[in-house]
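Analysis of the macromolecular model
Here are the chains, one letter per residue:
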Amino acid sequence: MSDYRVTVDTCSYTRRNNGTCIIKGWMYTGDQEPEIQVRAGHTPLSCTVIRTERPDVLKALPEIPFPDVKAGFEIYIENIENLFSLADAIRVRICCGEESFPVIQKSMDQVKKEYFQDTLQYYMECVERRLDKVYIQGWCVDTLGGFEMKVLKEKDQQQEHVHYSRLRRPDLTEVFGVESESCHGFILEIPRSEIKSRNIVLLFENKAVAKREVIDMRRFDRENARLGRIIKTIGKENREKNEQIRKELGFRGFLDYVWEESGSFADAYGHYAKKHSPSKRELRRQAKEEFTCAPLFSIVVPLYHTPLPFLKEMIDSVREQSYGNWQLCLADGSKDRALEEFIFANYGKDRRISYKYLEKNTGISGNTNAALHMAEGDYIVFADHDDTLAPDALYEVACALREHPETELLYTDEDLMDEKGNLLYPHFKPDFNLDFLRSLNYICHLVVVKRSLLEKTGELRPEMDGAQDHDFLLRCVEKTDAVYHIPKVLYHWRSHDGSTAGNQDSKLYAVEAGKKALLEHYDRCGLEAEVEFTGTFIIYRTKFTVKGNPKVSILIPNKDHIEDLNKCIRSIEEKSSWNNKEIIVIENNSEEKETFQYYEKLERQYENVKVVTWDGEFNYSAINNFGAKYAEGEYYLLLNNDTEVITSDWLEQMIGYCQREDVGIAGARLSYPDNTIQHAGVVIGMGGFAGHILTGYGRKYTGYMGRLIAAQDISAVTGACLMVKKELFQELHGLDEGFAVALNDVDFCLRARMKNQLVVFLPGVELYHYESKSRGFETTPEKQARFQKEISRFQERYQELLDSGDPYYNPNLSLIRGDCSLASPYEAVKGRKV
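Summary of the structure given here. No experiment lies behind these values; they were computed from the predicted model shown. (Residues numbered from 1 in each chain as written. Predicted model: local features only at pLDDT ≥ 70, side-chain atom pairs only at ≥ 80, totals over all residues. Heavy atoms only, no water.)

Structural notes on the overall build of the chain
- Along its length, the chain carries 25 helices and 39 strands.
- Buried residues in the chain amount to 58% of all 834 residues.
- For the chain, contacts bridging at least 24 residues in sequence account for 74% of all contacts bridging at least 6.
- Taken as a whole, the chain presents about 36300 Å² of accessible surface, with 46% of it coming from carbon and sulfur. (Helix = DSSP H or I, 4+ residues; strand = E, 2+ residues; numbered from the N terminus. Buried < 20%, exposed > 50% of the residue type's maximum accessible area, 1.4 Å probe, protein only. Contact = heavy atoms within 4.5 Å. Areas by Shrake-Rupley, 256 points an atom, 1.4 Å probe, with all protein chains shown as cover.)

Some words on the sheet that holds strand β2 (residues 20–28)
- Here we have four strands laid out as an open sheet, ordered β1-β2-β6-β5, and antiparallel in their pairing. Of all strands in the sheet, those bounded by a partner on one side alone are β1 (5–14) and β5 (48–52). Here the average twist between neighbouring strands, direction ignored, is 20 degrees. (Pairing = 2+ DSSP bridges. Axes fitted to C-alpha atoms, helices over the stretch in contact; angles between N-to-C directions.)

Some thoughts on a positive patch on the surface
- On the surface, Lys280, Arg281, Arg284 and Lys288 cluster together into a patch of positive charge.
- Using a relative accessible area of 69% as the deciding quantity, one classes Lys288 as exposed. (Patch = residues over 30% accessible without salt bridge, like charges linked within 9 Å, V, L, I, M, F, W, Y side chains within 5 Å. Salt bridge = Lys/Arg side-chain N within 4 Å of Asp/Glu carboxyl O. Lys, Arg positive; Asp, Glu negative; His and termini not counted. Charge placed at Lys NZ, Arg CZ, Asp CG, Glu CD.)

Considering the sheet that holds strand β7 (residues 89–96)
- Pairing is antiparallel in the open sheet, where four strands are placed in the order β4-β3-β7-β8. One side of each edge strand has no neighbouring strand; the edge strands of this open sheet are β4 (43–45) and β8 (99–107). Recorded for the sheet is a direction-independent mean angle of 30 degrees between the axes of neighbouring strands.
- The sheet contact formed by strand β3 (residues 35–40) and β7 spans six bridges and is antiparallel. Looking at β7, one finds that Arg39 is bridged to Arg91.
- Running over the sheet, helix α3 (residues 108–117) touches β7 and β8 and is turned about 65 degrees from β8.

Considering helix α16 (residues 468–479)
- Here α16 contains twelve residues, and its C-alpha end-to-end distance of 17 Å stays within 8% of the 16 Å for a straight helix at 1.5 Å per residue.
- Across the twelve residues of α16, nine count as buried, placing the element largely inside the fold.
- Taken as a whole, α16 has its buried residues at Gln468, His470, Asp471, Phe472, Leu473, Leu474, Arg475, Cys476 and Val477. (Expected span 1.5 Å × (residues − 1).)

Here we look at the environment of Lys547
- With respect to the helices and strands, the residue Lys547 is situated in the loop between β27 (540–544) and β28 (552–558).
- Lys547 gets classed as exposed once you look at its relative accessible area, which sits at 61%.
- Separated by 108 residues in the primary sequence, Lys547 and Ile655 have C-alpha atoms spaced 9.1 Å apart.

Here we look at the side chain of Glu414
- Along the chain, Glu414 turns up in strand β22 (residues 409–417).
- Within the structure, Glu414 has its side chain in polar contact with the side chain of Lys429 (distance 3.3 Å).
- Side chain to side chain, Glu414 and His445 meet in a polar contact 2.8 Å long.
- Contact partners of Glu414, with chain neighbours within four places excluded, come to Pro426, His427, Lys429, Ile443, Cys444, His445, Val489, Tyr491 and Trp493. (Polar contact = N/O pair within 3.5 Å; in protein donor to acceptor, adjacent residues only side chain to side chain.)

Describing the pairing of β2
- The buried fraction of β2 amounts to eight of the nine residues, a majority that puts the element mostly inside the structure.
- Pairing geometry for β1 and β2, over nine bridges, is antiparallel. Across the sheet, the residue bridging to Val8 is Gly25, located in β2.
- In this antiparallel pair of consecutive strands, β1 and β2, the connection spans five residues, and Asn17 shows a positive phi of 55 degrees.
- Relative to strand β6 (residues 72–78), β2 runs antiparallel, the two sharing seven bridges. Following the sheet pairing, Ile22 is matched in β6 by Tyr76.

As C-alpha cells, then:
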C-alpha cells in the first residue's frame, strides 16, 4: 500500500441548503489526483470539494513531500435532512487509483444526533447563592424552534416550580447571526428553603434535542452554613449582638438577610433604601470624625408659605446632619410672618440658622439670591423648602471633597417621597453627562457649588424662573469641568400637589424658560442649534445646525438577503432629507446568483451606490475597514443591511452632533419590527462584559429617567447604525479586526472615548432593525468558542473599566437585568470618580 495519509480535523453541520455536512482535514496522496466518494447506504451522492492551504501541516510534517501548499480539504455534503429516512449510514472515502481510504463512516442515527446537537446551545453566566435563594443567569440559542426550559429534581425527574424571568438578548442575535426569537435569556430564582434536592437538573429542549445541566446545590448549602448558624442566634432585643453579626458576615451581612426575606429579586425601593441608609451607630461615628480641613457648607433655602410640617422636617434634617460645620440660610418671601414666628419659636437658639424676612417676594430666583447673600460658607448647598436631606448628606460631601479637592460642582442621587415622607422612587444618575444635562436637568438635587465657581458663574437669573436651576447648572459647566457625582441617595424630594415633582401642570411655564436657557447656553458655547420640547415634562431635543454640505459615506456589509438590503437602501434613498451621501455596499461571500444580479441593477438605479467586494472570511471589522477605503465622505456611517430608516432627518441630526469638536461618534435608537426597543445604548459591565439596556420596551416608553427619549453621552452604541468622523476613524485605524464578530463596535467606541471624544446616543434618530440575518442561521461550537474568546479579550483589555464601572450607568442599577431596575444584593455598589 502506498504511503498515503488522510486526517479528519472536524465534522460539523449547518442548516443551510436543507442541511449541510462539512468535513475538514488534510491529506497526502503523492502525485495521484484523489477522488472523493460519498454514499448514503449504497446510493452515490454528489458533494463539493475545496482544497485549502494548510501551512500548519507542511510545517509540522516536513518529511512528507507535499506537491503544493493546498494540503487541506473541505467537503460539503448538502441535503442531509433528506437522507435521514432514506439510508442507514453515510460513508465518505478518498480514492487514488485502485486504493481508497475511509474519511468518515457514521450511522444515520449518529448523523442525525450530531446534526441537531448544535441547534440548541446554552451557557450559564452566573450561578450564585445569596442567603435563601440560588440565582442562575444564562442564555440559550435554539435555531430549530419549540424551546422549553424546566427545572427538575435529579432523583425522580419531577418538575420544580421556580421563578423564571425571560430576558431579551440582542447581543446573541448579533454574535450567532440568528433571529431574536431564537435567543432566550433567563434568570432563575430558586428558594433553597422550598427546593431541598441535593442536585437539580436544568433541562433545555427543542423539537429534536434535549440537554441537561446538573447543578450541585450542596455547595451552596456549605457556603451558607455559617450564615445560617449566625442568623439563628439573632434575638430581637440583643441589638449589640446584632451589630456584631453585621460585622462578621462577609457580604453585607444581616441586612442582606432582611432584603432576601422581605421580597423578590427586584425588591421594593423602600427595603433598598433602608439597606443603604447609615445606622445610628454609623452616624455617631461620622459625627466624631475630625476633618483636617472642614469646609463650611451654607445651605440656601428660599421660603414661600411653606407648610409648617414640611418646613420642620426640612430644618430638622439639616440639624440632624452627622457633619456639624454648616449654616442654614432661609430667605422668606411669604406675605405674612407666620414662618418667622415658627422658626424663632422653635429654632431661635441655634445660631447656625440664619433667617431673613423679605419685604418683597421676588420669585424663586430672587429669594434664593437673597439667601445666597447671607451665605458665609466655602461651599453653597441648594435645597428646597419642602424637601429633606439624608442625615449623612453633608458628611458624604465633605468626604468627597477631601478625596477630590479640585471639585467645584458636586451632585448626588435623590429620591421622591410623598407628603407623609414615604420614599417612593429613586433617581440613580450617571456621572457627569453633558448632553443628558442639555436634554433635561438630571442633576437636580443635591447640588453643591464651590464659592469661587459661584462668583464666576453668577447668581440665579429671575428671567429664567421655572428653569432657574437648569440655567444655573448650564452656566456652571461652561466654567468648569471639575464635576463630581456621589452615587448615593442623599436628598429626598417631596412630591405633592404644589411641587414640581408632583404637579407638572403647575409649572408648565418652565418649558419655555428651559428652551430659552438652552438656546442662550448654546449661544455662549458658539453652537448654533434648534431646541424643541419633546412633549415629556421636562425633556428637550436639540438639533444642531449642520455647517456646510458634508458628504456621508454609508457602509453596508451584505451577504445575500437582497430583500433586506433593498428595503434598507430604498428607505435611505426615499426617506432621507440629506442629499449629499453615498452608499457603499460591501459584498462578502454571497452564494446566490440573484444577489449579483441585484447589485448590477442597484448601481444602474442609483448613481450614489457602488458595490465593492471583500474576498476574505466573515470579519465584521475587516469588512468595514475594507469598505472605508472606498469612502469619499467626511463622515462614515456604519449600517446593517437589515435596517430601515424611520426618521427623515436622521443624517442631519447625526452630522450635527458629530460636527462638534467634543463628539466623535453618534448612534441611533433601533426598534424591533414589533415597535419595541432593540438598541438604546450599551452599558459596560452588563452581563459581565457589555450589553444593551431597556430592550423590549415600547417605542413610546420614556425609559428610566427619560433614557429612551433624551440625547445623552454613553460609553458605546451599536455598530448597526453608527456615525463617526472620518479623521477619528482613521486615527483609530478603524475597527479592531481581532474582534471579528462580537464587541468590535463597543471596543471602537471605548477607544474613541480614550481620545476624549464623546459617544452620543440620539433617541430622536430612529430606525427599524430586523436583526443580523446576513451571516446565516447556524450555531456551531466554533462560533461559541470565538464568542468566548472575544469576550475574554474584551475583558482583559477593559478590566479597569469593568472594575470601576460604567460612568454613564449608576452602580445602584442592575448589571444583570438590563432594565435599569435596582441592583440585586450580590451586585456590589461602588463609588467612582467622573
